[in-house]
Amino acid sequence: MNGPTIRFDQVAFAYNEAQFLFDATVPDGAITALMGPSGSGKSTLLNLVAGFETPKSGRILIGEQDMRDRAPAARPVSMIFQENNLFAHLTVEQNVGLGRSPSLKLTADDKRAIADALASTGMQNKNNRLPRELSGGERQRVAIARALVRQCPVLLLDEPFASLGPALRADMLDEIRALQARLGLTVLFVTHHPEDASRLADHVLFLENGHITAQGPAKSFLDEQAPAAFRRYMGDAG
Ligand SMILES: Nc1ncnc2c1ncn2[C@@H]1O[C@H](COP(=O)(O)OP(=O)(O)OP(=O)(O)O)[C@@H](O)[C@H]1O
């Protein structure tokens, strides 16, 4: 697997009076943090890539492929949310199995892939548990395992570890980093924490008011050379 670029070519969208216009390229096979004030459009941008929302105009290209008219399930994308990623009445193994087959008609190949994904997220001994019998971190591991069995080269993370404590959040970020390096994924993740961006991200896209107003290597955002808009967001006008 080698993660593709994601290109936003003058992508326009609106929720009532909230207007968005995105024009940028997310680098291939790397981790990009999506940062910006509450309401700036970070989740909206992920939802457009995943196909949960449709641009009014413009194009989203993943690699060379235009995503227009492609249903979410047909996109080379997996997405993990802050919570409620799992079906409460299904076991860990079944929740992961949904990544292979919505009807849970699983082949021997599917079962092997599920077992591998559960092993690589450290959940192999909990495959018969229900989500309520897991900790918050374990539930997010199951969501990661389900993303892995889909074998999509793009992984979208919408603050998936925001409700975890700092030490566990750091561990989970390190696990995402290891998976990304092993699989060459293109990862786009929303975070409000600069320490998460510095731990995990190669690049940063900074959003304000429905637009990408700054972008660049993570290093250049996290020192005193950071773009002025980003420093304002961080509460340091310099
Ligand atoms: N389903 C929706 N219907 C109407 N308006 C929406 C919807 N989803 C988001 N919005 C509006 O669009 C704007 C951007 O929301 P979005 O969730 O993308 O921001 P965000 O940057 O992810 O914020 P946060 O950091 O608080 O999660 C906000 O003004 C929000 O109220």
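Cut-offs applied
Residues numbered from 1 in each chain as written. Predicted model: local features only at pLDDT ≥ 70, side-chain atom pairs only at ≥ 80, totals over all residues. Heavy atoms only, no water. UniProt positions renumbered as here; feature names shortened; annotations may be inferred. Helix = DSSP H or I, 4+ residues; strand = E, 2+ residues; numbered from the N terminus. Rg over C-alpha atoms; globule rule 2.2 N^0.38 Å. Buried < 20%, exposed > 50% of the residue type's maximum accessible area, 1.4 Å probe, protein only. Contact = heavy atoms within 4.5 Å. Near = heavy atom within 4 Å. Polar contact = N/O pair within 3.5 Å; in protein donor to acceptor, adjacent residues only side chain to side chain. Areas by Shrake-Rupley, 256 points an atom, 1.4 Å probe, with all protein chains shown as cover. Nonpolar A, V, L, I, M, F, W, Y, C, P; charged D, E, K, R; others polar. Salt bridge = Lys/Arg side-chain N within 4 Å of Asp/Glu carboxyl O. Phe/Tyr/Trp six-rings, centres within 6.5 Å; stacked < 30°, edge-to-face > 60°. Domains from an automatic or database assignment. Buried area = accessible area lost by both parts, 1.4 Å probe. Axes fitted to C-alpha atoms, helices over the stretch in contact; angles between N-to-C directions. Parallel < 35°, antiparallel > 145°, perpendicular 65-115°, else oblique. Left-handed = near helix turned anticlockwise from the far one by under 90°.

As recorded in an unreviewed UniProt entry, the chain goes by the name Thiamine ABC transporter ATP-binding protein, listed as coming from Tianweitania aestuarii. The record in UniProt for the chain states the following under Sequence similarities (unreviewed entry): "Belongs to the ABC transporter superfamily."

Caption draft 1: Molecular detail of the overall build of the chain. Within the chain, the regular secondary structure consists of eight helices and ten strands. Here the chain has a C-alpha radius of gyration of 18 Å; the compact-globule value for 238 residues is 18 Å, and the two agree. With respect to the three principal axes, the spread of C-alpha positions in the chain is 55 × 40 × 35 Å. When the 238 residues of the chain are sorted by exposure, 48% land in the buried category. Of the contacts made within the chain by residues no fewer than 6 positions apart, 69% connect residues no fewer than 24 positions apart.

Caption draft 2: Expanded view of the site of the ligand. Every residue close to the ligand is listed here: Tyr15, Phe20, Pro37, Ser38, Gly39, Ser40, Gly41, Lys42, Ser43, Thr44 and His192. Here Gly39 contributes a backbone N or O atom positioned 2.9 Å from an oxygen atom of the ligand. Here an oxygen atom of the ligand and a side-chain polar atom of Thr44 are 2.5 Å apart. The protein chains hide 59% of the 640 Å² of surface that the ligand would expose on its own. The class makeup of the residues in the shell around the ligand is three nonpolar, seven polar and one charged.

Caption draft 3: Structural context of the UniProt feature "domain: ABC transporter" (unreviewed entry) in the chain. Here the UniProt-annotated "domain: ABC transporter" (unreviewed entry) positions come out as residues 6–234. Across residues 6–234, the secondary structure splits into 34% helix and 26% strand, with the terminal C-alpha atoms separated by 27 Å.

Caption draft 4: Summary view of the pattern of salt bridges. According to the stated counting rule, one finds ten salt bridges in the structure shown. In this structure, Asp9 engages Arg59 in a salt bridge whose closest nitrogen and oxygen atoms are separated by 3.1 Å. Placement of Asp9 in strand β1 (residues 6–15) and of Arg59 in strand β4 (residues 57–62) is noted, with a sequence separation of 50 residues between them. A relative accessible area of 23% means that Asp9 is categorised as partly exposed. Across the pair Asp110 and Arg100 runs a salt bridge, and its minimum N-O distance is 2.8 Å. Residue Asp110 is located in helix α3 (residues 108–120), and its partner Arg100 is located in the loop between α2 (92–97) and α3; the two are separated by ten residues in the primary sequence. Classification of Asp110 as buried rests on a relative accessible area of 10%. A cluster of three or more residues bridged by salt bridges with shared partners is formed by Arg169, Glu195 and Asp196.

Caption draft 5: Structural detail: the packing of aromatic side chains. In this structure the tally under the stated criterion is ten aromatic pairs. Taken together, the ring pairs in this structure connect Phe8, Phe13, Tyr15, Phe20 and Phe22 into an aromatic cluster.

Caption draft 6: Quick look at the domain arrangement of the chain. Splitting the chain by domain gives domain 1 (1–76 + 154–238) and domain 2 (83–151). Relative placement of domain 1 and domain 2: their C-alpha centres are 25 Å apart. Carbon and sulfur atoms supply 66% of the area buried between domain 1 and domain 2, which totals about 900 Å² over both sides. Summed over the shared surface of domain 1 and domain 2, the number is one salt bridge. The residue Arg141 makes a salt bridge to Glu175 at a minimum N-O spacing of 2.6 Å. Along the contact surface separating domain 1 from domain 2 lie two residue pairs in polar contact (both at pLDDT 80 or more). Residue contributions to the side of domain 1 that touches domain 2 peak at seven residues, all from helix α5 (residues 166–183).

Caption draft 7: Representation of the packing of helix α4 (residues 136–150) against α5 within the structure. Running from amino to carboxyl end, α4 crosses α5 at an angle of 10°, the nearest separation of the two axes being 11 Å. Judged on the interaxial angle alone, α5 and α4 are roughly parallel. Helix-helix and strand crossings are classified by hand; for α4 and α5 the assignment is right-handed. Across the interface between the two elements, Gly137, Gln140, Arg141, Ile144 and Leu148 from α4 touch Leu168, Met172, Glu175, Ile176, Leu179 and Leu183 from α5. Of the residues belonging to the contact of α4 with α5, the class tally is seven nonpolar, two polar and two charged.

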